[in-house]
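Residue-level structure breakdown
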Amino acid sequence: MSHSTGNVTNKSAINFELEKKKELERRKILRLLQVRQQSKDFASKLRENIKEETINQKNKICEMKRKQIQEKRLEELNRLRDIYEICLKSVGEGHREASKQPNITSKAVEK
């Protein structure tokens, strides 16, 4: 009988060790799954951050270009305004010079 009791104790110890190994293997698999999920989440968040940063950079570039275009337009407007003022002064001077000249039509009528 001692032989069967020893055999049962031995089987219990073997079963306990098997259950312990199964539990360790189960936990190992769960941990691997957890680490994989964390890696996927991290990669997803990283991709999202990169996407947002790309959009922000594109928006900044568009805004800079818009400001540059606006500045160029303003410069062109000022340049054209200066030319217009010069032309007006030129016309004004031409009128003043013409008014200083004797009136040719009135002289022709007098003759």
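Overview of the structure.

We now examine the overall build of the protein. Helix and strand counts for the protein stand at 2 helices and 0 strands. Here the protein holds 111 residues, and 1% of them are scored as buried. Summed over its atoms, the accessible surface of the protein is roughly 10,900 Å², and 59% of this surface lies on carbon and sulfur atoms.

This part takes up the pattern of salt bridges. Tallying each qualifying case throughout the model produces 5 salt bridges. In this structure, the salt-bridge partner of Glu-23 is Arg-26, at a minimum N-O distance of 2.6 Å. You can see Glu-23 and its partner Arg-26 sitting in helix α1 (residues 2-100), 3 residues apart, about one turn around the helix. Residue Glu-23 is classed as partly exposed on the basis of its relative accessible area of 27%. The residue Arg-27 makes a salt bridge to Glu-23 at a minimum N-O spacing of 3.0 Å. Taken together, the residues span about one helical turn, with Arg-27 and Glu-23 both in helix α1 at a distance of 4 residues. When its relative accessible area of 54% is taken as the criterion, Arg-27 is described as exposed. Bridged by salt links that share partners, the residues Glu-23, Arg-26 and Arg-27 form one connected network.

The subject of this paragraph is a nonpolar patch on the surface. Together, Ile-29, Leu-30 and Leu-33 make up a nonpolar patch on the protein surface, roughly 260 Å² of accessible area in all. Residue placement: Ile-29 occurs in helix α1.

Conventions adopted
- Residues numbered from 1 in each chain as written.
- Predicted model: local features only at pLDDT ≥ 70, side-chain atom pairs only at ≥ 80, totals over all residues.
- Heavy atoms only, no water.
- Helix = DSSP H or I, 4+ residues; strand = E, 2+ residues; numbered from the N terminus.
- Buried < 20%, exposed > 50% of the residue type's maximum accessible area, 1.4 Å probe, protein only.
- Areas by Shrake-Rupley, 256 points an atom, 1.4 Å probe, with all protein chains shown as cover.
- Salt bridge = Lys/Arg side-chain N within 4 Å of Asp/Glu carboxyl O.
- Patch = residues over 30% accessible without salt bridge, like charges linked within 9 Å, V, L, I, M, F, W, Y side chains within 5 Å.

Without other data, these values stay purely geometric and don't point to any function.
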